[in-house]
Structure formats: C-alpha cells, structure tokens
Amino acid sequence: MFDKDLLLQGETIVFTGSRNPVEAVRRAQSLGAETLYVPLVTTSIRQLDKPDLGGYDWLIFTSRTSAQAFCQLDENVTAKIAAVGDQTAAVLQQHGYTVDFIPRVFSADHFIQEFPVVSGKVKCLFIKGNLAKNTIASMHMQVDEWTVYDTVLDLKNAEKLVQLKDVIILFASPSAVLAYRQAGGDWSNIRTAAIGHVTQGAIEANGGKVDFTPKKYTYMEVINEIAKGSFSK
C-alpha cells in the first residue's frame, strides 16, 4: 500500500542477519530506500551425528538454519513437528514435512506458553544452534537438545558497521546486537529496527533505543513498519 509513494526515499537500511532477506530488500528498494547487507553473524552446520529420532513425540525448531540442517538428512519421521515462525515452517514444508504447530508470536518464550502439550510423558527434541537460550528446555516435560549449527560473530563486519552514520540498522537477533557492541558501536547517529521483543530487549539492555519494531516478527513487516514511521512524519 506504500509502493507508489517512495516513502523511504533518502533512507539507507542495513540488514545484518546471517542471510540476506531478498524479498524484504526488494520491498525496501521499491519504497525508495538504499540497502546494504552487512552480516554480523554467520552460521555453519555441524557434521550431524543424529540421535534416534523414533523415540520422540515432538521435534521443535526455532530457526530456519536448524530446519535446513535437519532437512539435509532427508529423514522420515513419525514425530509431530513444531516450528517458531513462518519461514522456519516453510523450510520444513518445502522438504515434505508437516508442521503441526506454529505459535502466534514468533519467539521461544511465547512458544512455551502456546505449546499444546503442557505436561505428561511427552518426549521432545529441540533442534537448535549453539547460542540458543534454554527457554524451550525449561518446559515441564522431557526436552532433549540437539545442536546442529554454530553461530559466529563477524566482528570485522561489525567494525565496518560502526563507521556508518545516518542509517537504519536492522537487528534480527541478540547475537547481532552483541557483535555491534563488541566492535564499539555506541548507537550514535543511527536509528535501529528490531525483529522481535527479545532483540529489542537486547538493544535496550545495551544502551540503545529501538525506533522500529513490528508486531509480526518478520523482515517484511519491519520494512512496512519503517515505511509507516516515515509516512507519519
């Protein structure tokens, strides 16, 4: 609904996640923005020594990367599958898996509130990255963890990012916030956008202010939120 207005003319939006979100980049450009991709984190999939998946009632995924790593195995599973976020679910569905549960809000803390099983002898496997918090594992049931990828901070790119001024930096994870701060970022002469309340909390806990955050935690929605903010000026 903003396409004809070029509401982001004169803005530069910097994407910092481990993947370049092509659709959101095109959306920002269609609204007149300049875009940069300066990833602050990289991920590497581990050599997977998989557990016996047949003993689990639920497999839980909270990121695209964990889903992509799992799908490389081309496993037949009988367990139900839970995914945090439409994009995570889409990866699994593209490989023929049925996703049985997606929380309304795409974050681990909301997942544990909405998960349809609250207790009992249900056995879950949380398929995750090395920096994932223990939120999922805190549920009142058996939750085993399987680490399938590592997240590494890209401090060289973070140092480049710290030199930029008068830009909107889009943070998609607390790890990206950590990289920015470790490189000496002090939030001066920038505006920030955050995907998710956990990332927003990380920015605020590190002395920053969040200018844009969408209700739905996706790249596309954060671009729309920035456009709305420009429209309201």
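Residues numbered from 1 in each chain as written. Predicted model: local features only at pLDDT ≥ 70, side-chain atom pairs only at ≥ 80, totals over all residues. Heavy atoms only, no water.

Topic: the overall build of the protein
Part 1 of the argument: Looking only at helices and strands, the protein features eight helices and nine strands.
Part 2 of the argument: Taking the principal axes of the C-alpha coordinates as reference, the protein spans close to 55 × 40 × 30 Å.
Part 3 of the argument: In the protein, buried positions account for 48% of the 233 residues.
Part 4 of the argument: Within the protein, contacts between residues separated by at least 24 positions form 53% of all contacts whose residues are at least 6 apart in sequence.
Part 5 of the argument: Per element, the accessible surface of the protein, about 11,700 Å² overall, is 46% carbon and sulfur.
Part 6 of the argument: Computed over 23 positive and 25 negative side-chain charges, the separation of the two mean positions in the protein equals 2 Å. (Helix = DSSP H or I, 4+ residues; strand = E, 2+ residues; numbered from the N terminus. Buried < 20%, exposed > 50% of the residue type's maximum accessible area, 1.4 Å probe, protein only. Contact = heavy atoms within 4.5 Å. Areas by Shrake-Rupley, 256 points an atom, 1.4 Å probe, with all protein chains shown as cover. Lys, Arg positive; Asp, Glu negative; His and termini not counted. Charge placed at Lys NZ, Arg CZ, Asp CG, Glu CD.)

Comments concerning the sheet that holds strand E3 (residues 41-45)
Part 1 of the argument: The strand order across the open sheet built from five strands is E3-E7-E6-E4-E5, with neighbouring strands paired in mixed fashion. Across the chains shown, the open sheet's two edge strands, defined by having one partner strand only, are E3 and strand E5 (80-83). Between one strand axis and the next, the sheet turns through 25 degrees on average, direction left out of account.
Part 2 of the argument: Sheet analysis places strand E6 (residues 123-129) next to strand E7 (residues 142-153), joined by seven bridges and oriented parallel. Bridge pairing in E7 places Cys-124 opposite Val-143.
Part 3 of the argument: Running over the sheet, helix H2 (residues 64-71) touches E3, strand E4 (58-61), E6 and E7 and is turned about 105 degrees from E7.
Part 4 of the argument: Packed on one face of the sheet, helix H6 (residues 174-182) meets E3 and E7 and runs near 35 degrees to E7. (Pairing = 2+ DSSP bridges. Axes fitted to C-alpha atoms, helices over the stretch in contact; angles between N-to-C directions.)

Thoughts on the side chain of Ser-63
Part 1 of the argument: Among the secondary structure elements, Ser-63 is positioned in the loop between E4 and H2.
Part 2 of the argument: The class of Ser-63 is buried, set by a relative accessible area of 15%.
Part 3 of the argument: At 3.1 Å, the side chain of Ser-63 forms a polar contact with the side chain of Tyr-149.
Part 4 of the argument: Excluding anything up to four places from it in sequence, Ser-63 contacts Thr-88 and Tyr-149. (Polar contact = N/O pair within 3.5 Å; in protein donor to acceptor, adjacent residues only side chain to side chain.)

A short note on helix H1 (residues 22-30)
Part 1 of the argument: Every buried residue of H1 is accounted for by Ala-24, Val-25, Arg-27 and Ala-28. Buried residues of H1, viewed axially, fall in a sector of 160 degrees; they line one side. Within H1, the exposed residues directed more than 90 degrees away from the buried face are Glu-23 and Arg-26.
Part 2 of the argument: Remark: Gly-32 follows H1 within two positions and exhibits a positive phi of approximately 100 degrees. (Arc of directions from axis to C-beta.)

With respect to the packing of aromatic side chains
One pair of aromatic rings is described through two measures. These are the centre distance and the angle between the planes.
Part 1 of the argument: All chains considered together, the criterion is met by ten aromatic pairs.
Part 2 of the argument: Ring centres of Phe-101 and Phe-111 lie 5.5 Å apart, and the angle between their planes is 65 degrees; this geometry places the pair in the edge-to-face category. Here the residue Phe-101 occupies a position in the loop between helix H3 (86-94) and helix H4 (108-114), and Phe-111 occupies one in helix H4, the gap between them amounting to ten residues.
Part 3 of the argument: The buried category is assigned to Phe-101, whose relative accessible area is 12%.
Part 4 of the argument: Between Phe-111 and Phe-115, the ring centres sit 5.1 Å apart and the planes meet at 25 degrees, which makes this aromatic pair stacked.
Part 5 of the argument: By relative accessible area, which is 0% here, Phe-111 ends up buried.
Part 6 of the argument: Following the ring pairs from residue to residue traces out a cluster consisting of Trp-58, Phe-101, Phe-111 and Phe-115.
Part 7 of the argument: The ring of Tyr-56 has Lys-123 sitting right over it, with the charged end atom 4.8 Å from the ring centre. (Phe/Tyr/Trp six-rings, centres within 6.5 Å; stacked < 30°, edge-to-face > 60°. Lys NZ or Arg CZ within 6 Å of the ring centre and 35° of its normal.)

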